[in-house]
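# Residue-level structural notes
So the chains spell out like this:
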Amino acid sequence: AFLRNILEHSTFRNGEVTVNFIKNEPSLFEFKEPKNRANKLINFLGEVVVNGNPDVKKVDPKRKFSIPRVPKYPKLEAHPKGTKDLLTELGPEKFAEWLKKEKKIHFTDTTMRDAHQSLLATRMRTIDMMKVAEGYAKNFPDIFSMEVWGGATFDVCLRFLQENPWERLALLRKAMPNVLLQMLIRGSNGVGYTAYPDNLIEKFVEKSWETGVDVFRIFDSLNWMKSIEPCIQHVRNRTEGLAEASICYTGDILNPNKTKYDLKYYIQLAKDVENAGAHILGVKDMAGLLKPQAAYELISALKSEINIPIHLHTHDTSSIQSATYLKAIEAGVDVVDVALGGLSGLTSQPNFNSMVEMLRFNERENPLDMHKLAEYSNYWEAVRGYYYPFESGLKSGTGEVYEHEIPGGQYSNLKGQAIALGLEDKFTEVTKMYGEVNQLFGDIIKVTPSSKVVGDMAQYMISNNLTIQDVKERGDTISFPQSVISFFKGDLGQPVGGFPEDIQKIILKNEKPYTERPNAHLEPIDFDKEFEKFKEEFTKGMGRELEITDFLSYKLYPKVFTDAYNNHLKYGNVMNIPTKNFFFGLEIGEEIMVDIEPGKRVLISLVHKTEPDENGNVTVFFKINGQMRVVSIKDNS
Ligand code: 3PY
Ligand code: ZN
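Quick look at the structure, then. (Residues numbered from 1 in each chain as written. Chains lettered and ligands numbered in written order. Predicted model: local features only at pLDDT ≥ 70, side-chain atom pairs only at ≥ 80, totals over all residues. Heavy atoms only, no water.)

A separate point is the site of ligand 1. Around ligand 1 sit R113, Q117, G151, A152, L184, R186, F219, K284, M286, V447 and T448, and that is every residue in its neighbourhood. Take Q117: an N or O atom from its side chain is 2.8 Å from an oxygen atom of ligand 1. The separation between an oxygen atom of ligand 1 and a polar side-chain atom of R186 is 2.8 Å. Of the residues that constitute the shell around ligand 1, the class distribution is five nonpolar, three polar and three charged. (Near = heavy atom within 4 Å. Polar contact = N/O pair within 3.5 Å; in protein donor to acceptor, adjacent residues only side chain to side chain. Nonpolar A, V, L, I, M, F, W, Y, C, P; charged D, E, K, R; others polar.)

For the zinc ion (ligand 2), the full set of protein donor atoms is D114 (OD), H313 (NE2) and H315 (NE2), at a range of 2.0 to 2.1 Å. Read from N- to C-terminus, the donor residues coordinating the zinc ion (ligand 2) fall into the pattern D-x198-H-x1-H. Note that D114 is positioned in helix 6 (residues 111-119) and H315 in the loop between strand 7 (310-314) and helix 14 (321-330), a separation of 201 residues in sequence. In this pair, the class of D114 matches that of H315, namely buried. (Donors = N, O, S within 2.8 Å, 3.2 Å for Na, K, Ca; no water. Helix = DSSP H or I, 4+ residues; strand = E, 2+ residues; numbered from the N terminus. Buried < 20%, exposed > 50% of the residue type's maximum accessible area, 1.4 Å probe, protein only.)

The next thing to look at is the pattern of salt bridges. Using the criterion set out here, one finds 36 salt bridges in the structure. Between E202 and R238 there is a salt bridge, with its nearest N and O atoms 3.0 Å apart. Highlighted residues: E202 in helix 10 (residues 198-211) and R238 in helix 11 (residues 225-238), separated in sequence by 36 residues. Residue E202 is classed as partly exposed on the basis of its relative accessible area of 22%. Of the charged contacts in the structure, one is a salt bridge between D337 and R217, with a shortest N-O distance of 2.8 Å. Separated by 120 residues along the polypeptide, D337 in strand 8 (residues 335-338) and R217 in strand 4 (residues 215-218) bring together distant segments of the chain. Neither D337 nor R217 differs from the other in exposure class; each is buried. Each member of the salt-bridge network shares a partner with another, and the members are K84, R173 and D214. (Salt bridge = Lys/Arg side-chain N within 4 Å of Asp/Glu carboxyl O.)

Once that is clear, we can look at the sheet that holds strand 4. Strand order in the closed barrel formed by eight strands is 1-2-3-4-5-6-7-8, and the pairing between neighbours is parallel. Going from strand to strand, the sheet's axes swing by 30° on average, the running direction of each strand aside. The strands touched by helix 6 within the sheet are strand 1 (106-109), strand 2 (145-150), strand 3 (180-185) and strand 7, with strand 2 carrying the most contacts at an inclination of about 60°. Here helix 10 sits on the sheet and contacts strand 2, strand 3 and strand 4; the angle it forms with strand 3, its principal contact strand, is near 160°. (Pairing = 2+ DSSP bridges. Axes fitted to C-alpha atoms, helices over the stretch in contact; angles between N-to-C directions. Contact = heavy atoms within 4.5 Å.)

Let us now look at the nonpolar core. By size, the foremost hydrophobic cluster in this structure holds 150 residues, and its most contacted members are F107, M112, M176, L281, V336, F352 and W380. Looking at which element gives the most residues to this core, the answer is helix 4 (residues 34-51), with eight residues. Apart from the residues lying within four places of it in its own chain, the contact partners of W380 are T111, M112, M124, D128, M129, V132, L340 and L343. In terms of nonpolar packing, the next biggest core, distinct from the first, is built from 36 residues, I406, Y411, I462 and V471 among them. (Core = buried A, V, L, I, M, F, W, Y, C linked by side-chain atoms within 4.5 Å.)

Mapped onto the elements of the fold, H313 is located in strand 7. Overall, the relative accessible area of 0% leaves H313 in the buried class. When near neighbours in sequence (up to four residues on either side) are disregarded, H313 contacts D114, R217, V283, K284, D285, Y325, D337 and Q349. Here the side chain of H313 touches D337 through a polar contact of 2.7 Å, side chain to side chain.

Attention shifts here to the packing of aromatic side chains. With the rule as written, the count across this model stands at 44 aromatic pairs. Look at Y249 and Y266: their rings are 5.1 Å apart centre to centre, the planes differ by 25°, and that puts the pair in the stacked class. Pair noted here: Y249 is in the loop between strand 5 (242-248) and helix 12 (263-275) and Y266 is in helix 12, with a separation of 17 residues, a long-range link. Ring plane angle 85° and centroid distance 4.7 Å describe the contact between F538 and Y565, whose orientation is recorded as edge-to-face. Taken together, the residues F538 in the loop between helix 24 (527-537) and helix 25 (548-556) and Y565 in helix 26 (residues 558-571) connect sequence positions 27 residues apart. Classification of F538 by relative accessible area gives buried; the value is 3%. (Phe/Tyr/Trp six-rings, centres within 6.5 Å; stacked < 30°, edge-to-face > 60°.)

What follows is about the side chain of N353. Position of N353 among the secondary structure elements: in helix 15 (residues 352-358). Reaching out from N353, the side chain makes a polar contact with the backbone nitrogen of G341 at a distance of 2.9 Å. At a separation of 3.1 Å, a polar atom in the side chain of N353 contacts the main-chain carbonyl oxygen of L373. Ignoring anything within four residues of it in the chain, the contact list for N353 reads L340, G341, L373, A374 and S377.

Turning our attention to the side chain of T398. Secondary-structure assignment places T398 in the loop between helix 16 (370-385) and helix 17 (401-404). Within polar-contact distance, the side chain of T398 engages the backbone nitrogen of E400 at 3.0 Å. What T398 contacts, discounting residues up to four positions off in sequence, is T317 and S318.

Next comes the structure, spelled out in structure tokens:
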């Protein structure tokens, strides 16, 4: 076993052994159960080889992939000082003052969160991020922040990728210790789709900070201050990070016929956010509805009315949002959100590489190296190839977004859901119905989770051939989706201007709505007691001690966590399987390296698979480090 530890150690395999190798590597003397771990991996790979990855609905067997090239630069020993170091030095208040005084435009890179959430249904895996994270942070220490966590990534990590989201965050923190890491948090809804007890959100914020988050972009899906404010306080009381409270933009402040969300409304909301203690104001244009001239007027007005720096977020669904950024920058916005070229545009953020060039020689230029940026963009473009089953299919910008107002982060998910419901051919009808349902519900702010309510209703209506008129005339005979009922009850809080009462009555039938904070109905969590119980219930563990962060995952998503846990018992840690093989399995003769733990790498190859026997079982032959292993997998076809 000792010899095997040496042979399998990455230092040995890479030929980097020095005289002190054995002395300095205590792991060589640990004789755990690597065999067992590797066997679990081939259970997983065998399943994918025989039945496909259950998350991949359609495989194109002819698909060719480009190999992603990790940019190689002279290896910098240490991370140059960056924005994280500045935050540590100045503290959040002074840091915000510094940011406001900066002349050059600053950038948040969303590639590792919103970009793939919006283009690839959030499926980007940690392994693909980790290959470039350290080099990127060393080469771009001046970046304002890297958005890497929160939003839908938490749920998707556990539900579809069989990864631990906390582990992702910790790994990225380690690779990028010098730049600010940013997350998106949905106020009282945390990273979920419903309200949680206040003390759960508080603990979640505290542990997110301890694990690596510096900038908390907080929003509420109805712009309800009663959901935003407590979250600002959690960040201020429990962390030394930045509370970036955001106002969600919808409608069109320039349109005289759209008066519900006008300039006055946004200014008042921004003042409320500032008064609630935010360090930065986020303007979150989740659907990409903020047009260039409107951006100029909105940002100019906010700049003169509030004192904290302003951070603008948009999605390029219409394809004109770089113009919006230019006008916002002219009006004095402090930071804008962009994604590296290969994962930018359309429902994602505007193109980072091109934005930098657009502002070259402008008085607010941020002089980043275009060649280096291009190499990272190329890396992501190649990586993106592996994720083709999750592409939304949108090929060009669409002006229809001004009509349906679907958030970029929802678009590719909605498409996936439509396919699952057999509505792929009716996706245009779904998007049109989405806009109509929004009007029926009183023209609400639409962003997770309120956007999911509108999406659920639109899909339900198209599946059941229902019209808006049907709902109004015979709604008492229709059983609406649970998320819609829950929304009208008040479980997501109160929309601007209240619910349309007639529709609320039709949807709720005999149920009574309420107007207090949903959290007022939720029992606080007794952490000491419940954490102990949790540890007893999940006794087999993960091959490690269960932590409070596991408990938080469980409390946020009990069923998803339980399923992920059971998968882990069966398949072990699958996060280091290369993405191509994770989604599409191996070809006969293909060899892959997988790290089963830090410093311990196994070589796996697929040798042969049989036809199904009379019981439908396929025997799959693998080699692990040259030794034949066989798994029997039930063919589900
Ligand atoms: C999310 O909440 O996941 C979003 O990205 C909202 O825009
Ligand atoms: Zn977004």
